[in-house]
Amino acid sequence: RRFNPQLPAEQAEQVVADIVSYHNADLVLGNKEMITLITEGVKKTWRERGEEKTKVVKLIDFVNVEANDFLIVNQFTVQGIENVCRLDGVVFVNGIPLSVLELKSPVREQATIGQAYRDMEYYKKEIPKIFLYNQILCLSDLTDARHGTISSSWERYGTWKGIESESDAPKGSSQLEVLAKGLFSKTRLLDVIQNFTVFEADSDDAAVTFTKKSALYHQYYGVNKTIASTVRSVLGEQERKIGVFWHTQGSGKSLSMVFYVNKTKRIPELK
């Protein structure tokens, strides 16, 4: 109600109940519907003094980042279909579990990042409910640290490099430290969720399947540099040229351009 002061208390409770009770047997489709509610808001209609009112209820404030409530819980326990699952880390924003981290001990021989991936795949089957809300999955054995989405195969998990830019990781820092300070700064976390996450449709005529993809570090920093240059061009602070966005082969040019378009649509100066 802090974000939506015009919303009556009863309607606020209903929105919470709708989000909490949300269910979809298809994890990816459910995740696709949920990220729309998280990023675009929940449409709610009610009658007040005989008059019908409709409002889009904001779940996260993407503009005033510090207005949100951020919490990370260690050893978060969830009752599964058959077993209790104890998650090493769950990141909540305004009570919504947006990220799950599986962290293995670097001193145990069997506790590899590969085992972390297998455990995450098991959790998706055993406690699918929490993954309906999930935006980022993280795996680490301290030496290696990778991030992906609920659709990511092992090969698609990426390493985040750089904290404030693509090349400023402190010397001697672990991949987990760079991932935590880079991707999980409050502003970047919400930016990635709102502007750098897409669902790619694949049709074989009989059915459409979706694959969830989010930006790798070079796409994130590159696109944001390009957007900053675009704004300067539009405001007349530089020649009306944005610059050259340079990629190597296979580094995700098409997705970078989709991310670019997605974010420019939200920039007031570029309306």
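Residues numbered from 1 in each chain as written. Predicted model: local features only at pLDDT ≥ 70, side-chain atom pairs only at ≥ 80, totals over all residues. Heavy atoms only, no water.

1. Some words on the overall build of the protein chain
So, step 1. Within the protein chain, the regular secondary structure consists of eight helices and nine strands.
So, step 2. What you see for the protein chain is a C-alpha radius of gyration of 20 Å, in line with the 18 Å of a compact globule of 271 residues.
So, step 3. On the principal axes, the C-alpha backbone points of the protein chain span a range of 65 × 60 × 45 Å.
So, step 4. Out of the 271 residues belonging to the protein chain, those deemed buried represent 45%.
So, step 5. Nonlocal contacts in the protein chain, meaning residues at least 24 apart in sequence, comprise 57% of its contacts between residues at least 6 apart.
So, step 6. Put simply, the protein chain shows about 15100 Å² of open surface, and 52% of that area lies on carbon and sulfur atoms. (Helix = DSSP H or I, 4+ residues; strand = E, 2+ residues; numbered from the N terminus. Rg over C-alpha atoms; globule rule 2.2 N^0.38 Å. Buried < 20%, exposed > 50% of the residue type's maximum accessible area, 1.4 Å probe, protein only. Contact = heavy atoms within 4.5 Å. Areas by Shrake-Rupley, 256 points an atom, 1.4 Å probe, with all protein chains shown as cover.)

2. Describing the sheet that holds strand S4 (residues 84–93)
So, step 1. Here five strands make up an open sheet; going across it, the order is S3-S4-S5-S6-S7 and the pairing mixed. In this open sheet, the two edge strands, each paired with only one partner strand, are strand S3 (70–79) and strand S7 (145–148). Neighbour-to-neighbour, the strand axes of this sheet turn through a mean angle of 30°, independent of strand direction.
So, step 2. The pairing of S3 with S4 spans nine bridges and is antiparallel. Residue pairing in the sheet places Gln-79 in a bridge with Val-84 of S4. (Pairing = 2+ DSSP bridges. Axes fitted to C-alpha atoms, helices over the stretch in contact; angles between N-to-C directions.)

3. A short note on helix H3 (residues 113–126)
So, step 1. Between its terminal C-alpha atoms H3 stretches 20 Å, which fits the 20 Å expected from 14 residues at 1.5 Å a residue.
So, step 2. For H3, the complete set of buried residues consists of Ile-113, Gly-114, Ala-116, Tyr-117, Asp-119, Met-120, Tyr-123, Lys-124 and Glu-126.
So, step 3. Lining the buried residues of H3 we find helix H2 (27–40), S4, strand S5 (96–103), helix H4 (128–131), strand S6 (136–140) and S7. (Expected span 1.5 Å × (residues − 1).)

4. Some remarks on the environment of Asn-31
So, step 1. Tracing the backbone through its elements, the reader meets Asn-31 in helix H2.
So, step 2. Exposure remark for Asn-31: the relative accessible area of 0% places this residue in the buried category.
So, step 3. A C-alpha to C-alpha distance of 8.5 Å links Asn-31 and Ile-150, two positions 119 residues apart in sequence.
So, step 4. Among the polar contacts listed, one links the side chain of Asn-31 to the backbone oxygen of Leu-132, at a separation of 3.4 Å. (Polar contact = N/O pair within 3.5 Å; in protein donor to acceptor, adjacent residues only side chain to side chain.)

5. Some remarks on unusual backbone geometry
So, step 1. If you check the backbone angles, Asn-94 has positive phi at about 55° while not being a glycine.
So, step 2. With respect to the secondary-structure elements, Asn-94 resides in the loop between S4 and S5.
So, step 3. Despite not being glycine, Leu-142 shows a phi value in the positive range, around 80°.
So, step 4. Position of Leu-142 among the secondary structure elements: in the loop between S6 and S7.

6. Quick word on the pairing of strand S9 (residues 208–214)
So, step 1. The pairing of strand S8 (residues 197–203) with S9 spans seven bridges and is antiparallel. For Thr-197, the partnering residue across the bridge sits in S9 and is Ser-214.
So, step 2. Adjacent in sequence and paired antiparallel, S8 and S9 are bridged by four residues, among which Asp-205 carries a positive phi angle near 75°.

7. Quick word on the packing of aromatic side chains
So, step 1. A complete count under the given rule lists nine aromatic pairs for this structure.
So, step 2. Aromatic side chains Phe-196 and Phe-259 sit 5.5 Å apart centroid to centroid with 50° between the ring planes, which places their arrangement in the tilted category. One end of the pair, Phe-196, is in the loop between helix H6 (186–195) and S8; the other, Phe-259, is in helix H8 (residues 253–264), and 63 residues separate them in sequence. The pair Phe-196 / Phe-259 is uniform in exposure class, with both members buried.
So, step 3. Their ring planes at 80° and their centres at 5.3 Å tell us that Tyr-220 and Tyr-221 sit as a pair that is edge-to-face.
So, step 4. According to the relative accessible area criterion, Tyr-220 is buried, its value standing at 4%.
So, step 5. When its relative accessible area of 6% is taken as the criterion, Tyr-221 is described as buried.
So, step 6. Of the aromatic side chains, those joined through ring pairs into one cluster are Trp-160, Phe-196, Tyr-220, Tyr-221 and Phe-259.
So, step 7. Lying over the aromatic face of Phe-210, Lys-32 brings its terminal NZ or CZ to 4.8 Å of the ring centre. (Phe/Tyr/Trp six-rings, centres within 6.5 Å; stacked < 30°, edge-to-face > 60°. Lys NZ or Arg CZ within 6 Å of the ring centre and 35° of its normal.)

8. A closer look at the pattern of salt bridges
So, step 1. Scanning the entire structure with this criterion turns up 14 salt bridges.
So, step 2. Among the salt bridges present, the one from Asp-119 reaches Lys-104, with a minimum N-O distance of 2.4 Å. Of the two residues, Asp-119 is situated in helix H3 and Lys-104 in the loop between S5 and H3; the sequence distance between them amounts to 15 residues.
So, step 3. Exposure remark for Asp-119: the relative accessible area of 17% places this residue in the buried category. (Salt bridge = Lys/Arg side-chain N within 4 Å of Asp/Glu carboxyl O.)

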